[in-house]
Amino acid sequence: MPMEHVEGENKGKVILYALSTCGWCRKTRMLLESLKIDFNYIYVDLLNGEERSEIIKEVEKWNPQLSFPTVVINDNDVIVGFKEDEIKEKLQ
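These numbers come from a predicted model, not from an experiment. (Residues numbered from 1 in each chain as written. Predicted model: local features only at pLDDT ≥ 70, side-chain atom pairs only at ≥ 80, totals over all residues. Heavy atoms only, no water.)

How should the overall build of the protein chain be read in this particular structure?
Regarding its fold elements, the protein chain presents three helices and five strands. Each helix (α) and strand (β) of the protein chain, taken in turn from the N terminus, gives the series β-β-α-β-α-β-β-α. Taking all 92 residues of the protein chain together, the buried fraction comes to 35%. In the protein chain, the 12 positive side-chain charges and the 17 negative ones have mean positions that sit 4 Å from each other. (Helix = DSSP H or I, 4+ residues; strand = E, 2+ residues; numbered from the N terminus. Buried < 20%, exposed > 50% of the residue type's maximum accessible area, 1.4 Å probe, protein only. Lys, Arg positive; Asp, Glu negative; His and termini not counted. Charge placed at Lys NZ, Arg CZ, Asp CG, Glu CD.)

In C-alpha cells, the structure reads:
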C-alpha cells in the first residue's frame, strides 16, 4: 500500500484516508501535523486499478458510506469527517 508517512509522536497506529481535492481532508491532515502526531495517510482518489479497489474495501470496513476524511486509530476508533475536538480527545 502506498501510504505516506508523517513523523511525529507515537500515539498508536493512526491512518488518514483522504481525497487529494477535499478541503476537509486537508484540514484533518493539517490538524494531525499540528498536533505532531505520527501517522500514515493515503489519497484514495490518486490510486488506480487493484490498488484503489483494495483501499476502498478497507475504508468501507470502517466507514460503509465511503466518505472522507476517515481517520482510523489503533484499528479500533473511527472518526469520519473533520471533527477536531474528537480527534484531539482520542489522541491526547
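What is the right way to look at the packing of helix α1 (residues 23–34) against helix α3 (residues 84–91) in this model?
Relative placement of two packed helices is described by the angle separating their axes and the distance separating the axes. Put simply, α1 and α3 touch, their axes get as near as 11 Å, and they point 35° apart. By crossing handedness, the relation of α1 to α3 is classed as right-handed. Side by side, α1 and α3 meet where Thr28, Leu31 and Leu32 of the first sit next to Glu84, Ile87, Lys88 and Leu91 of the second. (Axes fitted to C-alpha atoms, helices over the stretch in contact; angles between N-to-C directions. Left-handed = near helix turned anticlockwise from the far one by under 90°. Contact = heavy atoms within 4.5 Å.)

Help me out: how do you make sense of the nonpolar core in this one?
When a protein is soluble and globular, its nonpolar side chains tend to lie buried together. Membership of the largest hydrophobic core comes to 25 residues, with the highest contact counts inside it found for Val14, Leu16, Tyr17, Phe39, Ile55 and Leu91. For this core, the elements supplying multiple residues, two or more each, are β2 (14–18), α1, β3 (39–43), α2 (49–62), β4 (70–73) and α3. In terms of residues, this core owes the most to one element, β2, which gives five residues. If we skip the residues at most four places from it in the chain, Leu91 touches Lys11, Val14, Leu32, Ile37 and Ile73. (Core = buried A, V, L, I, M, F, W, Y, C linked by side-chain atoms within 4.5 Å.)

Would you mind going over the pairing of β4 with me for this structure?
The two faces of the sheet receive side chains in turn, since in a regular strand these alternate between them. Covered by surrounding structure in β4 are Thr70 and Val72 together with Val71 and Ile73, the residues of both alternating faces. Both β4 and strand β5 (residues 77–80) contribute to a ladder of four bridges, which runs antiparallel. From the neighbouring strand, Ile73 faces β5, where its bridge partner is Asp77. (Pairing = 2+ DSSP bridges.)

Got a minute to help me understand α2 in this structure?
Side chains of residues three or four places apart in an α-helix project in the same direction, reflecting 3.6 residues per turn. Relative to the 20 Å expected for 14 residues at 1.5 Å per residue, α2 spans 21 Å between its end C-alpha atoms, a close match to the ideal helical length. Among the residues of α2, Ile55, Glu58 and Val59 are the ones counted as buried. Looking straight down α2, one finds that the buried residues subtend no more than 95° of arc, so they occupy a single side. In α2, the exposed positions angled more than 90 degrees off the buried face are occupied by Gly49, Glu50, Lys57 and Lys61. Its buried side turned inward, α2 meets β2, β3 and β4. (Expected span 1.5 Å × (residues − 1). Arc of directions from axis to C-beta.)

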